[in-house]
Amino acid sequence: MSKRENQILQLLKRDPFIQQQEIADILGISRSCVAGHIMNLSKKGYIKGKGYILSNDVYAVTIGAANIDLTSYTSAKLIYEDSNPGKIILTPGGVGRNIAQNIALLKNESYLISVVGNDSNGKTLFDYTKSTGVNVNHLYKLDDEKTSICNSIIDENGKCVVSVNDMSILEKLTPALLSQSKSLIQHASVLVVDCNLTEEALKWLFNNAGNVPIFVDTVSRSKASKIRHLLSHIHTLKPNRTEAEILCGIKIETQKDAADAAHWFHQHGVQRLILSMDAKGVYYSERDNISGYSGAINTDIINANGAGDAMMAGLIHCWLEGMDLKESIRFAQQCSALTLSSENIEIFPKNRLYL
C-alpha cells in the first residue's frame, strides 16, 4: 500500500460516506487521482464493495528478535573490574518483540514473526506478549532451542554501558520458516524489520514483501552493516548517529552533516531517514519532500533501553493513521520519552515481569 492509499484508507475508515471530492480537498490532490487510488485499494482487497465497505486487513507485521532482558542497574558510579551494588530485573525484550508490543499498546493490529525456544523463557515470552494484544500465531516455538537472552548493564545515568546477547536461535528464523508467513507479510499495511535477523532472512523479506512499505531498525553498529546493499528496498530507516555513519561513511556531528547523510541515503534508495542525534534530537528527511530537525524532549532518564523501539512503534502508529512526517516525528519522540522515564520497555508501562 502506498502512502497516499494509506491516507485515503484512513479517511474512509473515519467516514465511510465521505465524497471523493472531499478527500481530494483534504489531501490537496485531484478527484480523478482519488478515484484511481480507490480503484487500487479495491483491487488490493482493502475495499470490499460499493459504499466503501472496508476490509479489516489494516495491520503491522514486525519481524525480529524476541528475548528475555536481564538488566543490571548500578546504584552508584560504575566501577569497572569490581563488584557494584545495584538491582537486577528480568523483563520481556527483543527489538522486534518490543516494537510489536508497543504497536499493539497504541491500539493497532499487530503481528509478530519471531522464534523462541520451547522452554520456560519461551513460554513466558509467548504468553506475556499475547497478553499485551500482539497476535502471536507466527511466533514459532522451536524444540531443542534456547530462548535468546540479552544481558545489559545500566550506569547511574541510565545509559547502557554494555550488553551481551545470546541470540543464536534467530539463525533458525530462516527463509523456509518465513515463507510460512508469506501471505501475512504480503498483505500487511507495513512491515517492521530489525537487523538482528540473518542476512539471508533480510534478503528474503526484502525480495518477497511486494509493495508493502518496509521500516527498518538498525539495532546496533555491528548489525547495521547487514543492510548496506539492501537500502533500495527500505521505505523508512531509523538509525542512530553512529549506525548511520557505519552505513554511509559520513561523520555526523552537525545538522548539515545529517542533511548530507540523508542525501546519501536517498541516493541509495531510502525513502525516509529518521536519524537520532542522541541528546540533540532527531533529524528527519523524506526524499523529494520535507526535511527538518526536532529537538529532544526533556526527560528524566531511568533506562535508555527500549526507547528506540518505542519510537519506531510511534512511527508505525502514525503511518497507519496517515499522519504527516513532521507530526509523526514528534509523536514518536513522545513515545520514546515515556519509555526513557521507566524501567520497562513499554510505552504504557505495566507491572515489571519477575521470573
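As named in an unreviewed UniProt entry, the protein is Bifunctional protein HldE, taken from Xenorhabdus vietnamensis.

Asks: Is there a simple way to explain the overall build of the protein in this structure?
Replies: Helices and strands together make up the secondary structure of the protein, namely 13 helices and 15 strands. Relative to its 355 residues, the protein shows a buried fraction of 54%. In the protein, the proportion of contacts linking residues at least 24 apart, taken out of those at least 6 apart, comes to 63%. Accessible area of the protein: about 15,900 Å², with a carbon and sulfur share of 49%.

Asks: Would you explain the sheet that holds strand E12 (residues 236-238) in this entry?
Replies: Where strands meet in a sheet, backbone hydrogen bonds hold them as pairs that are either parallel or antiparallel. Taken in spatial order, the nine strands of this open sheet run E7-E6-E3-E10-E11-E12-E13-E14-E15, and their pairing is mixed. Two strands close off the open sheet at either side, each with one partner strand: strand E7 (139-142) and strand E15 (291-294). Here the average twist between neighbouring strands, direction ignored, is 15°. Pairing of strand E3 (residues 60-63) with strand E10 (residues 190-194), which is carried by four bridges, proceeds in the parallel orientation. Paired with Ile63 across the strands is Val193, a residue of E10. Sheet strands in contact with helix H11 (residues 255-267) are E12, strand E13 (272-276), strand E14 (282-286) and E15, and its direction is about 35° off that of E14.

Asks: Teacher, can you tell me more about unusual backbone geometry here?
Replies: What you tend to see is this: most non-glycine residues have negative phi, and most peptide bonds are trans. Phi is positive for Asp278, which is not a glycine, with a value near 60°. Relative to the assigned elements, Asp278 resides in the loop between E13 and E14.

Asks: I would appreciate a short explanation of the sheet that holds strand E8 (residues 148-154) in the present structure.
Replies: Ordered by their spatial adjacency, four strands build an open sheet running E5-E4-E8-E9, and the pairing between neighbours is mixed. Edge positions in the sheet fall to strand E5 (86-93) and strand E9 (160-166), since each has one partner strand and no second. Between one strand axis and the next, the sheet turns by 15° as a mean value, whatever way the strands run. As paired elements, strand E4 (residues 67-74) and E5 share eight bridges and run antiparallel to each other. Pairing of Leu70 across the sheet is with Leu90, part of E5.

Asks: Whenever I open this one, the pattern of salt bridges confuses me. Can you help?
Replies: Working definition: two side chains of opposite charge can pair if their charged atoms are close together. Under the criterion given, the structure shown has eight salt bridges. The shortest N-O distance in the salt bridge between Glu286 and Lys3 comes to 3.5 Å. Taken together, the positions of Glu286 in strand E14 and Lys3 in helix H1 (residues 3-14) put the pair 283 residues apart, joining distant regions of the chain. Here Glu286 falls in the buried class, since its relative accessible area comes to 6%. For Glu145, the salt bridge identified is with Lys172, shortest N-O distance 3.8 Å. Here the residue Glu145 occupies a position in the loop between E7 and E8, and Lys172 occupies one in the loop between E9 and helix H6 (175-178), the gap between them amounting to 27 residues. The class of Lys172 is partly exposed, set by a relative accessible area of 42%. Connected via shared salt-bridge partners are Arg241, Glu245 and Asp278.

Asks: I would appreciate a short explanation of the side chain of Asn208 in the present structure.
Replies: The residue Asn208 is located in helix H8 (residues 199-208) in this model. Asn208 has contacts with Lys182 and Gln186, leaving out every residue within four places of it along the chain.

Asks: So what exactly am I meant to see when it comes to the packing of helix H4 (residues 95-105) against helix H12 (residues 307-320) here?
Replies: Contact geometry for H4 and H12: axes closest at 8 Å, N-to-C directions at 45°. With respect to H12, the element H4 is oriented oblique. Seen along the crossing, H4 lies across H12 with a hand that is right-handed. Counting all contacts with H4, which are made through Val95, Asn98, Ile99, Asn102 and Ile103, the residues of H12 involved are Asp309, Ala310, Met312, Ala313 and Ile316.

Asks: What exactly am I supposed to notice about the packing of aromatic side chains here?
Replies: The description of an aromatic ring pair rests on the distance of the ring centres and on the angle between the ring planes. Taken as a whole and judged by the stated rule, the model has three aromatic pairs. Between the aromatic rings of Phe215 and Trp319, the centroid separation amounts to 5.8 Å while the plane-to-plane angle is 65°, which identifies the pairing as edge-to-face. Of the two residues, Phe215 is situated in strand E11 (residues 214-217) and Trp319 in helix H12; the sequence distance between them amounts to 104 residues. Look at Trp319 and you get buried, because its relative accessible area is 3%. The positively charged end of Lys87 is found above the aromatic ring belonging to Tyr73, 5.8 Å away from the centroid.

About the criteria used
Residues numbered from 1 in each chain as written. Predicted model: local features only at pLDDT ≥ 70, side-chain atom pairs only at ≥ 80, totals over all residues. Heavy atoms only, no water. Helix = DSSP H or I, 4+ residues; strand = E, 2+ residues; numbered from the N terminus. Buried < 20%, exposed > 50% of the residue type's maximum accessible area, 1.4 Å probe, protein only. Contact = heavy atoms within 4.5 Å. Areas by Shrake-Rupley, 256 points an atom, 1.4 Å probe, with all protein chains shown as cover. Pairing = 2+ DSSP bridges. Axes fitted to C-alpha atoms, helices over the stretch in contact; angles between N-to-C directions. Salt bridge = Lys/Arg side-chain N within 4 Å of Asp/Glu carboxyl O. Parallel < 35°, antiparallel > 145°, perpendicular 65-115°, else oblique. Left-handed = near helix turned anticlockwise from the far one by under 90°. Phe/Tyr/Trp six-rings, centres within 6.5 Å; stacked < 30°, edge-to-face > 60°. Lys NZ or Arg CZ within 6 Å of the ring centre and 35° of its normal.

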